[in-house]
2 protein chains.
Amino acid sequence: MSKHLTKRADDYSKWYNELVVKADLAENSAVRGCMVIKPYGFAIWEKMQAELDRMFKETGHENAYFPLFVPKSLFEAEEKNAEGFAKECAVVTHYRLQNDPDNQGKLRVDPEAKLEEELVVRPTSEAIIWNTYKGWVQSYRDLPLLINQWANVVRWEMRTRLFLRTAEFLWQEGHTAHATKIEAVTEARQMQDVYAEFAENFMAMPVVKGLKSDSERFAGAEDTYTIEALMQDGKALQAGTSHFLGQNFAKAFDVKFTSKEGKKEYVWATSWGVSTRLIGGLIMTHSDDFGLVLPPKLAPTQVVIVPIYKDEKQLDAISEKMNEFVKELRKKGISVKFDTRDTYRPGAKFAEYELKGVPVRVAIGNRDLENGTLEIARRDTLEKQIVAQPDALIFIENLLEEIQGNLFKKAVDFRKEHTTVVNDFKEFKKVIKSKGGFVSAHWDGTEETENRIKEYTKATIRCIPNDAEQESGVCVLTGKPSNKRVLFAKAY
Amino acid sequence: MSKHLTKRADDYSKWYNELVVKADLAENSAVRGCMVIKPYGFAIWEKMQAELDRMFKETGHENAYFPLFVPKSLFEAEEKNAEGFAKECAVVTHYRLQNDPDNQGKLRVDPEAKLEEELVVRPTSEAIIWNTYKGWVQSYRDLPLLINQWANVVRWEMRTRLFLRTAEFLWQEGHTAHATKIEAVTEARQMQDVYAEFAENFMAMPVVKGLKSDSERFAGAEDTYTIEALMQDGKALQAGTSHFLGQNFAKAFDVKFTSKEGKKEYVWATSWGVSTRLIGGLIMTHSDDFGLVLPPKLAPTQVVIVPIYKDEKQLDAISEKMNEFVKELRKKGISVKFDTRDTYRPGAKFAEYELKGVPVRVAIGNRDLENGTLEIARRDTLEKQIVAQPDALIFIENLLEEIQGNLFKKAVDFRKEHTTVVNDFKEFKKVIKSKGGFVSAHWDGTEETENRIKEYTKATIRCIPNDAEQESGVCVLTGKPSNKRVLFAKAY
């Protein structure tokens, strides 16, 4: 199968689109811009959800669920947020269909069933949630509220791509309410750290933690903290954001609390989210021309065992050994599939698991039975090794860790090679055009300059890194003074 | 708090509505008929999800995700299904808002952004899923498809009640495709068994497994298998349904496969679902005039420990002991909360946990410290007992099991008392009116009779029980011959 996969070097974008479909992750649906997440893709999302949910709960958050619909009057209450999302809102206007009198067997919208107030399908839930929080917060004793929701949201994007940008997507959105500004800022930054830890330790995807410039900030936020990853084509991917919302939503929805000192004060807010877009990032960070490469910590199947046999008797002998081995692996918490399907030959199975990125493949044939060995192949480097059966369990356990580490290291190295410090605009343009990746450059801090650079190069400021050092310099475009470097890149 | 709760005997419906809100499970939102599921209510749903998801996976199903929207032309393809849901569909007609020129700071629907084809917000996903399956099924080798999705759906109901009937609700919907009729029927019945096992073993809610009569069948199904529970007010609750869909959707969406014999055949289908309505059933099965009563297997917190102390020193001594005890309980997989909040007095905490239905409450004061004892109270019977600390761990472990069993037994006994075998229509009316519950009666098998009985009594046929014995008799209304009894009840 993989031989039909376009090579990354030939057309990275085509490679990605093909891979998502061929590896059975997702496909386009009959609804414009909406995807179907197939079982294998969804299994990756479930793994991501499980880890993130654990991390959210360990940091004190609880899950809840708020309505899919936002009445227009609530949606428009926080003006900047409303303005930011108005152009991409799906709107429910009617609540009933009826038989179409002109068209036997067809339905039409019942004109009598028009809603008094239109309902926006949530593009994000600040409005409906802050309208709810108003009833939950009276006193400082009711704070903080540390709530997360796993949900679908809809943003009517004109150009969509599977996982990376779809009209409907799955995500989590945290919405917290605090008594003080410092507590809210700390929360927003904590969640940036949680996202970065998840990206690096589970996805093996290195990220830069930083602050968004004004023009890239979330609509309605005071500050947007982001994690930015670098894909193999040299484009950046915004992988998660955490917003300090100030008192904007509290003011829009009149959410006040009585402080310990008996004063009425507006509540401080954060929101933060990651989405199924992460699956796109995962694919583009590690995969190769042979197919998907999955880090063991998020692979739905970590180990696959393929028996190679001529007849039932050989298969029985192999199965006897391998059923025991499967049990031992599972005891160690390793997910394993023993593929005894007789409708496919071993070669086809090898190709399938290569395409699907299963980290470790074990093959066992008659010769191995005689010699007491297994052939163990790793997906990341495609290396194979003969291992004595008694050593295999520990070997695989170590190998999974090694693959996880190796994928991260490879991605870190790639990012290092593709992060260029640049001091003049000619070089800036050249690097963005030919080499791609992150460009670390001085910027004068104005939106105007940012826009002009975008016009000339299509590169935008991905973030002002949290760890950017104080360094006096001059803006790469205007020559005006600057005191720290920011990261530019073309982005998804 | 619980003293402000309406008594069940005074107004069962009011008791339910108050309890849901006071126990912090859910509340109405700003969107007509849509609820906010609060963290405590959502934690129960998460417990339900985890068990059901495990059971689905153990029976070979995988999760996937399909679009929220269904284009109208797909929605209307299976006519009976479309007809069944057309009257309660939320419809998206536009994809953009714009500034309202007549109303500074307000938004309006952009008339230029009208969709060419309206999108129905899924009330159920057969249409969009079968349109997708068309691309997945070519050969018998592609079957069966055993897929489940966890999702939100919208049915624009006119009269709504928290959990029991809401315009938006959360559910899971399984959608399977099979090569043969017998395999599909077996699947539909298997999932009825899975639901019954979940209801009885986890919710401690006894259910009758049965078949729906024609008039109560799912729109588009050949057969609907149901599990029916009985609430404390004598009304039945349809708690889960599993449908054998025949080839209706395969024909509507032209989904054929090549059989082993090389013939093109239509695929056979099932679908099955349970929803957040189960939380309503859970509440109404076990709770009492003091508040919620939760079965230990679904309680977010199984054990709460309340310290009773006069000063910091006493609290420290108690905490030292209890922190160890908490660890031991957690090691046993018991979820426990040690409530050291100093903003509430022990009495208020007792009332809170009673209202919230925490199965076991442990209290420890100075006297207990001296005597090496704990006071252990169970929520189901409200009994208290003094237990020596070294025995407490095993005591609680056993107690949780005992509560789980006792709740189920109580509910089974209630159902027994409220299931009446009836042979004439005068008695039928009397029982339905005064005693309520299930009425087991003969029925002539016609929809007309069913409708007339409903008119006279508001009772409907809940199901034809799977285990109904062959017994010749005469219809309770018409006197026409009948060969088995069916269960009638008023229902939610």
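Residues numbered from 1 in each chain as written. Chains lettered and ligands numbered in written order. Predicted model: local features only at pLDDT ≥ 70, side-chain atom pairs only at ≥ 80, totals over all residues.

With that settled, the discussion passes to the overall build of chain A. Per the secondary structure count, chain A includes 14 helices and 27 strands. Based on the C-alpha atoms only, the size of chain A along its principal axes is roughly 80 × 70 × 55 Å. Counting across all 492 residues of chain A, residues that qualify as buried make up 48%. The contacts of chain A with a sequence gap of at least 6 include a subset with a gap of at least 24, amounting to 67%. (Helix = DSSP H or I, 4+ residues; strand = E, 2+ residues; numbered from the N terminus. Buried ≥ 20, exposed ≤ 12 C-beta atoms within 10 Å, placed from the backbone. Contact = placed C-beta atoms within 7 Å.)

To continue, consider the nonpolar core. Core analysis: the largest hydrophobic core is formed by 307 residues, its most contacted members being Ala199 and Ala229 of chain A together with Ala199, Ala229 and Val439 of chain B. Discounting residues that sit within four places of it in the chain, Ala229 of chain A has contacts with Ala199, Met205, Pro206, Val207, Ala236, Leu237, Ala239, Gly281 and Thr285 of chain A. (Core = buried A, V, L, I, M, F, W, Y, C linked by C-beta atoms within 7 Å.)

Let us look at the sheet that holds strand β21 (residues 384-388) of chain A. Residue and element names in this part refer to chain A. Read across the open sheet, the 5 strands follow the order β18-β17-β19-β20-β21; overall the sheet is mixed. In this open sheet, the two strands that pair with only one neighbour each are β18 (336-338) and β21. Mean inter-strand twist for the sheet, computed between neighbouring axes without regard to direction, equals 25 degrees. Across the sheet, helix α10 (residues 346-355) lies against β17 (303-307) and β19 (360-364), angled at about 170 degrees from β17, the strand it touches most. (Pairing = 2+ DSSP bridges. Axes fitted to C-alpha atoms, helices over the stretch in contact; angles between N-to-C directions.)

A word on the interface of chain A and chain B. The interface of chain A with chain B comprises 54 residues on the first partner and 54 residues on the second. The class makeup of the residues in the side of chain A that touches chain B is 32 nonpolar, 10 polar and 12 charged. Across 3 bridges, strand β5 (residues 91-94) of chain A lies against strand β5 (residues 91-94) of chain B in antiparallel orientation. When the sheet's bridge partners are listed, Val91 of chain A is paired in β5 of chain B with His94 of chain B. (Nonpolar A, V, L, I, M, F, W, Y, C, P; charged D, E, K, R; others polar.)

Okay, the relation of the copies chain A and chain B next. A rotation about an axis combined with a shift along that same axis relates the two copies of the chain. In screw terms, the move from chain A to chain B is a rotation of 180 degrees and a rise of 0.0 Å along the axis, fitting with an RMSD of 0.0 Å. Such a combination of rotation and displacement between the chain copies is what one expects of a two-fold axis. Scanning chain A for the C-alpha nearest the rotation axis identifies Val92 of chain A, at a separation of 2.1 Å. Both copies contact each other with a shared surface, as 100% of the interface residues of chain A are interface residues in chain B too. (Least-squares fit on C-alpha atoms with pLDDT ≥ 70 in both.)

Time to look at the confidence of the model for chain A. Averaged over chain A, the pLDDT score is 97; the fraction of residues at 70 or greater is 99%. ipTM for the predicted complex: 0.97, alongside a pTM of 0.97. (pLDDT = per-residue confidence, 0-100.)

On to the domain arrangement of chain A. Per the domain assignment, the segments making up chain A are domain 1 (2-63 + 135-286), domain 2 (301-402) and domain 3 (419-489). Between the C-alpha centres of domain 2 of chain A and domain 3 of chain A the distance comes to 49 Å. (Domains from an automatic or database assignment.)

Time to look at the sheet that holds strand β4 (residues 69-71) of chain B. Through backbone hydrogen bonds, the strands of a sheet pair up, either in parallel or in antiparallel fashion. One open sheet accounts for 6 strands, arranged β4(A)-β8(A)-β5(A)-β5(B)-β8(B)-β4(B); its pairing is antiparallel. The open sheet has two free edges, formed respectively by β4 (69-71) of chain A together with β4 of chain B, since each of these has just one partner strand. Strand after strand, the sheet turns through a mean of 45 degrees between neighbouring axes, direction not considered.

A few words now on helix α6 (residues 181-201) of chain A. All names here are of chain A. In this model, α6 (21 residues) spans 30 Å end to end at C-alpha, consistent with the 30 Å of a helix rising 1.5 Å per residue. Those residues of α6 lying buried are Ala184, Glu187, Ala188, Met191, Gln192, Val194, Tyr195, Ala196, Phe198 and Ala199. Buried residues belonging to α6 abut α2 (39-58), β10 (168-178), β11 (208-211), β12 (223-230), β13 (236-246) and β16 (268-275). (Expected span 1.5 Å × (residues − 1).)

The next subject is helix α14 (residues 447-457) of chain B. Residue and element names in this part refer to chain B. Among the residues of α14, Glu450, Ile453 and Thr457 are the ones counted as buried. Taken end-on, α14 shows its buried residues confined to a sector of 65 degrees, consistent with a single buried face. Facing away from the buried side of α14 by more than 90 degrees, the exposed set consists of Glu447, Glu448, Asn451 and Glu455. Of the surrounding elements, those touching the buried residues of α14 are α13 (425-435), β24 (460-465) and β27 (485-489). Positive phi appears at Lys458, one or two residues downstream of α14, with a value of about 70 degrees. (Arc of directions from axis to C-beta.)

With that out of the way, let us pick up the environment of Ala167 of chain A. Residues and elements named next belong to chain A. Here Ala167 is to be found in the loop between β9 (145-154) and β10. Separated by 12 residues in the primary sequence, Ala167 and Arg155 have C-alpha atoms spaced 4.9 Å apart. Residues within four places of Ala167 in sequence aside, it is in contact with Arg32, Gly33, Cys34, Val154, Arg155, Trp156, Glu157 and Thr160.

Further remarks concern the pairing of strand β16 (residues 268-275) of chain B. A regular strand carries its side chains on alternate faces of the sheet. All names here are of chain B. Here β16 lies mainly inside the structure; 8 of its 8 residues are buried. Alternating positions in β16 separate into two faces, Trp268, Thr270, Trp272 and Val274 on one and Ala269, Ser271, Gly273 and Ser275 on the other, with burial throughout. Of the strand pairs in this sheet, strand β10 (residues 168-178) and β16 are connected by 8 bridges, and their pairing is antiparallel. By the bridge assignment, Glu173 is partnered in β16 with Gly273. Direction of pairing for strand β13 (residues 236-246) relative to β16: antiparallel, over a ladder of 5 bridges. When the sheet's bridge partners are listed, His243 is paired in β16 with Ser271.

Residues and elements named next belong to chain B. Considering the arrangement of structural elements, one finds Gly365 in the loop between β19 (360-364) and α11 (366-371). On the basis of neighbour counts, which here come to 18 C-beta atoms within 10 Å, the residue Gly365 falls in the partly exposed class. The spacing of Gly365 and Asn81 is 284 residues in sequence and 61 Å in space, taken between C-alpha atoms. With residues near it in sequence (within four places) discarded, Gly365 still touches Ile308 and Tyr309.

Looking now at the pairing of strand β20 (residues 373-378) of chain B. Residue and element names in this part refer to chain B. Judged from the 4 bridges that link them, β19 and β20 form a sheet pairing that is antiparallel. If you follow Arg361 over to β20, its bridge partner there is Ala377. Connecting β20 to the next strand, strand β21 (residues 384-388), in antiparallel fashion are 5 residues, including Leu382 with a positive phi near 65 degrees.

Residues and elements named next belong to chain A. Between Leu143 and Pro144 the backbone carries a cis peptide bond, its omega angle lying at -5 degrees. Topologically, Pro144 is positioned in the loop between α5 (126-136) and β9. In this structure, Phe163 is a non-glycine residue whose phi angle is positive, near 70 degrees. By secondary structure assignment, the location of Phe163 is in the loop between β9 and β10.

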